[in-house]
There are 4 protein chains.
Amino acid sequence: MPKLDIAGVLIGANGKSTASEIPVNHLRVGLSAHSSLLSHLLRTLSNRVLPPPLPPPQILTLLHLLTSLDTQNHPQNIGCGEREARLASSLLLSRGGLIHGIGRSGDVNEMQPKAAGSSVICCVVKIGVKDLLQNSLKMAFLKKSTVTVLPTCTGLSILLCLLTLKKSSPPTATKVLWCRIDQKSCIKSVQSCGLTLLTVPTKKVNDTVTTDLVALSSLLAFHGSSVLCCITTTSCFAPRVPDDIVSISKILKSKNTPHLINNAYGLQSNFINDMLVQSVNKGRVDYVVSSLDKNFMVPVGGAVVFGPDKGKIKELGKMYPGRANGRVVEDLFVSLLEVGREGYEELWEYRRRLLPKFVKVFGEVAEANGERLLKTEGNDISFGMTLENFTNEECGDIGSMLFTRCLSGCRVVPTGVSKNIGGEEFRGFGSSTDDYGVCYLTAACAVGMKEREVNEFGKRLDSCLKEVVKKREKRERKKEKEKEKEKEKE
Amino acid sequence: MPKLDIAGVLIGANGKSTASEIPVNHLRVGLSAHSSLLSHLLRTLSNRVLPPPLPPPQILTLLHLLTSLDTQNHPQNIGCGEREARLASSLLLSRGGLIHGIGRSGDVNEMQPKAAGSSVICCVVKIGVKDLLQNSLKMAFLKKSTVTVLPTCTGLSILLCLLTLKKSSPPTATKVLWCRIDQKSCIKSVQSCGLTLLTVPTKKVNDTVTTDLVALSSLLAFHGSSVLCCITTTSCFAPRVPDDIVSISKILKSKNTPHLINNAYGLQSNFINDMLVQSVNKGRVDYVVSSLDKNFMVPVGGAVVFGPDKGKIKELGKMYPGRANGRVVEDLFVSLLEVGREGYEELWEYRRRLLPKFVKVFGEVAEANGERLLKTEGNDISFGMTLENFTNEECGDIGSMLFTRCLSGCRVVPTGVSKNIGGEEFRGFGSSTDDYGVCYLTAACAVGMKEREVNEFGKRLDSCLKEVVKKREKRERKKEKEKEKEKEKE
Amino acid sequence: MPKLDIAGVLIGANGKSTASEIPVNHLRVGLSAHSSLLSHLLRTLSNRVLPPPLPPPQILTLLHLLTSLDTQNHPQNIGCGEREARLASSLLLSRGGLIHGIGRSGDVNEMQPKAAGSSVICCVVKIGVKDLLQNSLKMAFLKKSTVTVLPTCTGLSILLCLLTLKKSSPPTATKVLWCRIDQKSCIKSVQSCGLTLLTVPTKKVNDTVTTDLVALSSLLAFHGSSVLCCITTTSCFAPRVPDDIVSISKILKSKNTPHLINNAYGLQSNFINDMLVQSVNKGRVDYVVSSLDKNFMVPVGGAVVFGPDKGKIKELGKMYPGRANGRVVEDLFVSLLEVGREGYEELWEYRRRLLPKFVKVFGEVAEANGERLLKTEGNDISFGMTLENFTNEECGDIGSMLFTRCLSGCRVVPTGVSKNIGGEEFRGFGSSTDDYGVCYLTAACAVGMKEREVNEFGKRLDSCLKEVVKKREKRERKKEKEKEKEKEKE
Amino acid sequence: MPKLDIAGVLIGANGKSTASEIPVNHLRVGLSAHSSLLSHLLRTLSNRVLPPPLPPPQILTLLHLLTSLDTQNHPQNIGCGEREARLASSLLLSRGGLIHGIGRSGDVNEMQPKAAGSSVICCVVKIGVKDLLQNSLKMAFLKKSTVTVLPTCTGLSILLCLLTLKKSSPPTATKVLWCRIDQKSCIKSVQSCGLTLLTVPTKKVNDTVTTDLVALSSLLAFHGSSVLCCITTTSCFAPRVPDDIVSISKILKSKNTPHLINNAYGLQSNFINDMLVQSVNKGRVDYVVSSLDKNFMVPVGGAVVFGPDKGKIKELGKMYPGRANGRVVEDLFVSLLEVGREGYEELWEYRRRLLPKFVKVFGEVAEANGERLLKTEGNDISFGMTLENFTNEECGDIGSMLFTRCLSGCRVVPTGVSKNIGGEEFRGFGSSTDDYGVCYLTAACAVGMKEREVNEFGKRLDSCLKEVVKKREKRERKKEKEKEKEKEKE
């Protein structure tokens, strides 16, 4: 087949329009739009940087152009294998996209021979995410390393990291030192691997809940070489604050113990990003796992894993045994091209600028209801207010009232709750410490929140708290009346 | 800007992959898919034939590739005009398509400088429709002529034809000889133009209603040069049968009177297509107007106009003063590429093969209810059955029952109805004749109907008729009982 | 079939989840989202106001929910008519939308029995456009009137208005008084109707080109009752300024002559809107025709027609003989719901605030190149700068250079051009006056233009003008050298 | 908020249209379409069966209707958590779908409180897949069990099964008995878990490669309780044939050893399905893992896991630590609703009917090139032909020639290849046995292949083989000539 391009199709070798009715100068301007689009792609692939934002129709054009290179879309293709990316549904066929998935049986990061276009899309995605981390978020250590984009949630990605670490460790290393953070996924990741969870206790310092570094050191000393790695957490619900990963990574470096950082939604915080960089520079960091949806505002279900050691990151890709669904990569591709570096920087910056307002509104509601904001410096994403004037039962009511009033994501944490997760017992579950002493409510100012939402959050929370008080007063008045009635009877 | 193509972007001049991680042989196979797609387009434009069907993802690729050539999608474009095809809605932006519309202020068929890609799509559509008409439907006269695709319904297209004829006729030619066919749009077209409607009466021959050619000739003789043109109809509801356009076109040729054929859904009938060819060969035909949706199964709202005289067809395009919405062309583009010549031939052929079954099922229902099918030879799309055993009121009930039972498109025509349309009075409206004498019900076997639907049509129609009879019997029993009661009282 | 709603499907009469694994409280919150969406629709339909903006996924839900009411989407529907909105292409089927089109054979504004959902969408669109005109753009006279949304361009809409006027006028009224504006569509509209164009000349007042009201009055007096109507224009390319429609409408009122206003992109200008209101209040206005795409940023190809007399607007709908394509309505529906009243007000307001910047940038480029901005007060959308220092040939070069440099929409108008349109000769075509005396270049600051674009417009225009000068100088130097050489030879 | 439904919105309590211009009877017919759609959903959820196929527009309506119940689509929702399913890209927002993903931190099968609509979609998918397996594929044992749909490839799903088994087994059970099948993913699954791979050797019986049951038994006896489980394979490349899982499951039952069946694309083969049922009935089966894309023709990247023990299947879901991407479920939902039970049965049946033709065509090509088809009874999906007359190098050429000629999925297996996978050495890799003795080429007749493709496969393969021979002959002729030349020189 002769090599053809769209310019060659529309304008013949004689310089004339193939469709004689269309003036050549119209076509030239149109073709320059196409060249311009392609030069975006060329620069992306050769300079390994995220291109400036593209208009949506051009992104679609690129997406279709690239996926049309996959074998199943080749008009002449005959599929003779057991997996040919055929679709039974005309609706799915009409939607296009990365049908052949990504990766190859041995490695989810390998190029798929049947899907050259999907491979290009995978490259662009990795280039884009690395560019954002390295240049927008100042992680200079990535210059010599790489990133892995996994179509699995943070938890399963941590599990794959643990399995990767396990593979290169002595068989006796079966324990995971885990700085307590009351969130199921991470615990599950360790348990699912069949590894032993060693919980590093937290301590309460004023309002703040933070990892007890002394306990961590002694646990590390005690368990020695049976420790596979230590998992720390940077992004967490208040009053838990980000782990002091700089100190911990130094300790781990000195003990030659691998360090896995659960950085789920930490990329949106410069405070955390700075700590990451310092940890890498001064201590030991093996894997940092961040959620794609929480930081880049894409659909739920992907993660990016990175670290200073290129070899370890590549090794991780080999742990996903087989080809994965292409949606996570496709959605990230679309988002990166539409939003661009500048756009993501603006989104993160907007959150930072919104923070004082959020804290102010939240604090005012607390005060207006006789409560106060918890002082949890270090955590600049999640915040909490006390619910001291409410009973545990009322706290429960507040939780469900907020949910039905469409204030999604607030958490009410009562006192004295115990929870068993996979055989492990956690006292005071929810607060990341055995006894926080007071009920509280958390809310987050996460990337994507709008100023309008902050105001509305304040209003609804306030009216909800007031309603609970009113109900209580009504109940009490009723009780008193009944008492009086009884007295009268007597 | 240097000329770029996707092959050049992905594989450098040194023969190596721009993204080094992707093996060049993967890319080569992928790029051959792209070349193959482009060669489809090249052949279409240079050989002026409809390409073989393409897989949906490739059609989307082509659609996006082409519309990305339009100026509003050019990443560098700065719009300094009053109309720059900007979109306020992100939903529309995400959908793509022909935003700049088609045509230019003077001519809906002219190429739009700001939309080179849309222009290519317009060309493909005209090539495709002409190929289907000329080669699949054997209209050889198109070899030296052309077609015009209008984004207007059949009625408005007829109106534009009338205005075009008016423009080149003496100012005294203000009357339109119209072979009666009881359908509002066509009448409206004439009236909207401010022209005088001269209705050619029909006559009933056995079951058939057909234009009275003698009346036509004498009207033509009487009104002479004041006649702007004659409108005939080929596709119509039974018991009206297609006009004998061969004879009429001969008469009109002899009288030098323009001939406009309302061929709304006639393209699906070979019988009608043959008559069209003969009319062109032996008589006078100026414009044939056919519906796009009814014949090509696209969304409602477009028409194709053709005829043996290229100049007249081109003249018509110039009557649409301005740029038109691009959707009709876009949808036709997608349909032509997906279905292809072979596909359309199969769709029309399927209808032809389904016809005997349809007639059988319909006839059986008629017989089972003491009625009979109308013998309306010549009309091979719409069929009718008598409703002799039903009162006019019951006929009305049948109509609405069928509608609420999801049998859409059946028409029940009662007797003795008069209707005034734009000042014109039509007796026996619905049957195309003053007094057809009997109530009847029509149903059509049109392209796209499935065998399964024919069976279901029979069942529902039968049960509906039986229900009306039952209700009547119930009513009658009730009445009798009441009579008996009264008698008893006496 | 029993009446079913989604709430009843998901939660049984016993208050339990139909799918037992889903907690009822999850469903309740979800269903409240659906109720909230439906209440938007309810308020829209019953209060007849545009709802506040909806998130895109909810708009899609509403669009799909409504179009699923159309018969062709009914799972039980059997199509027995000649037009059943069947689609041959799976790609189109997957896209959904208003397949059955809008309107009915007699009236494009009538409800289509086979497409109840499409009818609801049509209602919402008319409610929304009317709300915007009446309340955002302060056209109080619409309170007692209505609007018609036509799926035809401005030009064809004007044609339909002319035909409507013609219908209710004496047959002798065959002339259209047209205030000269050099744009093809409007001229074509008149000519396509077979009406006689009476051009009202313009006069040049300083830089400004404006209708000669004295000439208008005397033409009106001279032609008397043979004048069907007068067409004025509000939005136009500089140096032409909007017609003084207030004065003209008073004159027309006094002469009892219909008044049609070509207000293509005038809705974005409050200056023009104010004039419209005053014209209606103080004079005679029959039809105002505005482009949908130019004012509401939707795809090209629709128009809204309005005026103070409800009957006349309704009459117009009856002139479109048949059902029209639904895309224009569908796209408008999506845009109105996504952008909302507030959003459109912001878009128009943004343009207004951008104006001074645009004028400044444009003026600076003019000055920097020894030219000046034309003073065309009254036109606050299109602006012009002189090209006095350039030859006519160079002006032509500038035009095509701007086009190939992706500055779309700039117009360079040379002097001394004559153009024949449909037999009518126009001297000085482009400038709306016989001899404007100087070449000039226009650019528009239309709704949707961004500040970034204004800056880029300035830069490119400047560099383009400088390049032409450089070329000229190079040419001249070359010539001089040649002269010198020749001299030397001598 | 008052409970609202679309019927209540469009038709008021007074029985009148909310939008007075729309006749109530139009609305009633439209609303019956909606009720009909909802009754599909109701039956699906309450009867737990796959509904009959729905037209694509109705599927889209259902998809949008359900996902609009997710909190992020609620017009009133304020997100105060760290994960609120916000999207940065307008393109993704316009696409809709399951943005919130599926599952909850503890269990990928749990319902997500923020995404009630997604939960309903998950239920429908599980109901549909189970219905297909239980009723279309006759797996009666599912009546009392369940299925788990995982958004992970077959390999990662096997890994999760292994981890689940590991969790409930004694810590000493660290070895996996694996019936050799030369495919990387499965090996990787075991190695990634950190488990020891015990390869059960195959034996060659005539052309067939099959598991050595004697070896399996003795390995099992030797390793005893240190065996975690045995992995067998049913669908595989010829000349490997499906494992005799009935016998193996009996052995495993007697030894109380868990049994995991890698049934990647086995669901399309009734022979394999029968074996599965018998294995469950007569022996021990813990997990059967099948690919979604290979059996149900959806995009790559999902798996269904099932077995007779409901508890074990549910336990598996709990191993995925966190919420997963929703695309796999969404695509399956769309496919199940569009294709339906009948549709899938037809697709699988089509493959069965195509088999003899495929074998005939393949055999003829073999014979025409002096080769023969391998006799590999038991494998009715993949087939092989010898390449005895070709050198190992030529075999390599054949492989890449087929790939570049768009015959995707053919595998050429040379002799004498060794491969090291994760430290494990495999002789004769590709053929699943140490020394198969002859080069061969495989091709599969998998679900979705069309008759047209079979013919084209034959033609291209034949021409390719002939070309290799021609090249060889050319080379040889050249050599001979050179020899002759040299002789002449001497």
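Remember, predicted model here, so these are calculated numbers, not experimental data.

Visitor: What is the right way to read the relation of the copies chain B and chain D from this model?
Guide: To go from the first copy of the chain to the second, apply a rotation about an axis and then a shift along the same axis. Screw-axis analysis of chain B against chain D gives a translation of 0.0 Å along the axis, an RMSD of 0.1 Å, and a rotation angle of 180°. The transformation relating the two chain copies, once decomposed into turn and shift, fits a two-fold axis. An overlap of 100% is found between the interface residues of chain B and their copies at the interface of chain D, pointing to a shared contact surface.

Visitor: What exactly am I supposed to notice about the UniProt feature "binding site: substrate" (unreviewed entry) in chain A here?
Guide: Residue and element names in this part refer to chain A. Mapped onto this numbering, the UniProt entry annotates "binding site: substrate" (unreviewed entry) at Arg104, Ser105, Gln112 and Arg323. Annotated residues spanning 220 residues; largest pairwise C-alpha distance 9.3 Å, indicating a single compact cluster. Mapped onto the secondary structure, arginine 104 falls in the loop between helix H4 (90-93) and helix H5 (116-136). Ignoring anything within four residues of it in the chain, the contact list for arginine 104 reads Glu110, Met111, Gln112, Pro113, Gly322 and Arg323.

Visitor: What's the story with empty space enclosed by the protein in this structure? I'm lost.
Guide: The gaps of empty space that remain are located by a probe, the size of a water molecule, rolled over the atoms. Estimated volume of the largest cavity: approximately 760 Å³. Forming the boundary of the largest cavity are 25 residues, of which Arg95 of chain A, Arg95 of chain B, Arg95 of chain C together with Ser94 and Arg95 of chain D lie nearest the centre. For the lining of the largest cavity, the secondary structure elements donating two or more residues are helix H3 (56-67) of chain A, helix H3 (56-67) of chain B, helix H3 (56-67) of chain C together with helix H3 (56-67) of chain D. Of the residues assigned to the lining of the largest cavity, the class counts are 13 nonpolar, eight polar and four charged.

Visitor: What should I look at first to understand unusual backbone geometry in this one?
Guide: As a rule of thumb, non-glycine residues mostly have phi less than zero, and peptide bonds are mostly trans rather than cis. With an omega of 10°, the peptide bond running from alanine 238 of chain B to proline 239 of chain B counts as cis. Relative to the assigned elements, proline 239 of chain B resides in the loop between strand E7 (227-233) and helix H9 (245-255). In the Ramachandran plot, arginine 48 of chain C falls in the positive-phi region, its phi being about 55° despite a non-glycine side chain. With respect to the helices and strands, arginine 48 of chain C occurs in the loop between helix H2 (24-47) and H3.

Visitor: Can you walk me through the relation of the copies chain C and chain B in this structure?
Guide: Under the fitted operation, chain C is carried onto chain B by 0.0 Å of movement along the axis and a turn of 180°, and the coordinates agree to an RMSD of 0.1 Å. A share of 100% of interface residues in chain C that are also interface residues in chain B marks the association as one of identical surfaces.

Visitor: Before we go on, may I ask you to explain the interface of chain C and chain B in this structure?
Guide: Reports of interface size often rely on the accessible area that becomes lost once the parts have come together. Counting residues at the interface gives 92 residues for chain C and 92 residues for chain B. Between chain C and chain B the total buried area reaches about 7800 Å² when both faces are included, carbon and sulfur atoms providing 59% of it. On the surface where chain C and chain B come into contact, there are twelve salt bridges. The partner of aspartate 331 of chain B in a salt bridge is arginine 95 of chain C, and the shortest N-O contact between them spans 3.7 Å.

Visitor: Any chance you could explain the interface of chain B and chain D here in plain terms?
Guide: Between chain B and chain D, the residue contacts involve ten residues of the former and ten residues of the latter. The interface formed by chain B and chain D includes one residue pair in polar contact (both at pLDDT 80 or more). Secondary structure elements with two or more residues in the side of chain B that touches chain D: helix H2 (24-47), helix H4 (90-93) and helix H14 (392-404) of chain B. Take the side of chain B that touches chain D: its biggest share by element is four residues, from H2 of chain B.

Visitor: Hey, could you run me through the packing of aromatic side chains in this one?
Guide: Aromatic ring pairs are reported here in terms of the distance separating the ring centres and the angle at which the planes meet. Using the criterion set out here, one finds 44 aromatic pairs over all chains in the structure. Judged by centre distance (6.4 Å) and plane angle (20°), the rings of phenylalanine 141 of chain C and phenylalanine 306 of chain C are stacked. Separated by 165 residues along the polypeptide, phenylalanine 141 of chain C in the loop between helix H5 (116-136) and strand E2 (147-150) and phenylalanine 306 of chain C in strand E10 (residues 303-306) bring together distant segments of the chain. Here phenylalanine 141 of chain C and phenylalanine 306 of chain C have matching classes, each one buried. The rings of Phe358, Phe362, Phe383 and Phe457 of chain A are connected pair by pair, giving a single aromatic cluster.

Visitor: Teacher, can you tell me more about the environment of glutamate 84 of chain A here?
Guide: Its place among the elements puts glutamate 84 of chain A in the loop between strand E1 (78-79) and H4. On the basis of relative accessible area, glutamate 84 of chain A is assigned to the buried category, the value being 5%. Note: C-alpha distance between glutamate 84 of chain A and cysteine 395 of chain A (311 residues apart in sequence) is 54 Å. Setting aside residues up to four positions removed in sequence, glutamate 84 of chain A forms contacts with Gln72, Asn77, Gly79, His100 and Lys114 of chain A together with Ser408 and Gly409 of chain D. Within the structure, the side chain of glutamate 84 of chain A is placed 3.2 Å from the side chain of lysine 114 of chain A, a separation counted as a polar contact. A polar contact is formed between the side chain of glutamate 84 of chain A and the side chain of serine 408 of chain D, at a distance of 2.7 Å.

About the thresholds
Residues numbered from 1 in each chain as written. Chains lettered and ligands numbered in written order. Predicted model: local features only at pLDDT ≥ 70, side-chain atom pairs only at ≥ 80, totals over all residues. Heavy atoms only, no water. Least-squares fit on C-alpha atoms with pLDDT ≥ 70 in both. Contact = heavy atoms within 4.5 Å. UniProt positions renumbered as here; feature names shortened; annotations may be inferred. Helix = DSSP H or I, 4+ residues; strand = E, 2+ residues; numbered from the N terminus. 1 Å grid on protein atoms, 1.4 Å probe; cavity = no way out; pocket = protein on both sides within 12 Å on 5 of 7 lines; lining within 4 Å. Points joined across faces, edges and corners; volume = space filled by probe spheres on them. Nonpolar A, V, L, I, M, F, W, Y, C, P; charged D, E, K, R; others polar. Buried area = accessible area lost by both parts, 1.4 Å probe. Salt bridge = Lys/Arg side-chain N within 4 Å of Asp/Glu carboxyl O. Polar contact = N/O pair within 3.5 Å; in protein donor to acceptor, adjacent residues only side chain to side chain. Phe/Tyr/Trp six-rings, centres within 6.5 Å; stacked < 30°, edge-to-face > 60°. Buried < 20%, exposed > 50% of the residue type's maximum accessible area, 1.4 Å probe, protein only.

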